[in-house]
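# Secondary and tertiary structure notes
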Amino acid sequence: MRLDKYLKVSRLIKRRTVANEACDAGRVLINEKPAKASAAVKEGDIIEIQFGTKSVKVEVLNVQETVKKDEAKELYRYL
């Protein structure tokens, strides 16, 4: 699955356009490397998102095309 779509489906970032902009600005890393919005996400990847001064680091546990709001937190684990 594309990185921008995963960020939206998992609700780490609310909108796909915002996820695209974050990737373009180099604020999203997959396994310690800057990632484009089109980068493929798979289980076991470590995603780090930088929001201004703080950053969020998660491990991908599951990749699904659609998921209910309540179950979105099951797609990743905070590190």
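The following paragraphs examine the structure supplied in this document. (Residues numbered from 1 in each chain as written. Predicted model: local features only at pLDDT ≥ 70, side-chain atom pairs only at ≥ 80, totals over all residues. Heavy atoms only, no water.)

## Let's talk about the nonpolar core
Counting 23 residues, the largest nonpolar core has L3, Y6, L7, V28 and I47 as its most contacted members. Of all elements in the fold, only α1 (3-9), α2 (16-24), β1 (28-30), β3 (46-51) and β4 (54-60) reach the threshold of two or more residues within this core. Broken down by element, the residue count for this core peaks at four residues, all from α1. Setting aside anything within four residues of it in sequence, one finds I47 in contact with L3, Y6, L7, V28, L29, I30, V41, V56, K57, V58 and V60. (Core = buried A, V, L, I, M, F, W, Y, C linked by side-chain atoms within 4.5 Å. Buried < 20%, exposed > 50% of the residue type's maximum accessible area, 1.4 Å probe, protein only. Helix = DSSP H or I, 4+ residues; strand = E, 2+ residues; numbered from the N terminus. Contact = heavy atoms within 4.5 Å.)

## Let's talk about the sheet that holds β3
The antiparallel open sheet is built from five strands, whose spatial order is β2-β1-β3-β4-β5. On the outer flanks of this sheet lie β2 (33-34) and β5 (76-78), each paired with one strand and no other. Of the strand pairs in this sheet, β1 and β2 are connected by two bridges, and their pairing is antiparallel. Across the sheet, residue I30 finds its bridge partner in β2, namely K33. (Pairing = 2+ DSSP bridges.)

## A short note on the packing of aromatic side chains
One pass over the structure, following the stated rule, counts one aromatic pair. Both rings, one in Y76 and one in Y78, keep their centres 5.4 Å apart while their planes meet at 85°; by these two values the pair is edge-to-face. A relative accessible area of 55% places Y78 in the exposed class. (Phe/Tyr/Trp six-rings, centres within 6.5 Å; stacked < 30°, edge-to-face > 60°.)

## Considering the environment of L79
Note that L79 resides in the segment after β5. On the basis of relative accessible area, L79 is assigned to the exposed category, the value being 51%. A C-alpha to C-alpha distance of 24 Å links L79 and S38, two positions 41 residues apart in sequence. Once you skip the residues sitting within four places of it in the chain, L79 turns out to touch I46, K57, V58 and E59.

## Some thoughts on the side chain of D4
As for its position among the elements, D4 is in helix α1. Take D4: its relative accessible area is 2%, and that puts it in the buried class. A polar contact of 3.3 Å, which involves the side chain of D4, links it to the side chain of R16. If sequence neighbours within four positions are ignored, D4 has contacts with R16, A19, N20 and A37. (Polar contact = N/O pair within 3.5 Å; in protein donor to acceptor, adjacent residues only side chain to side chain.)

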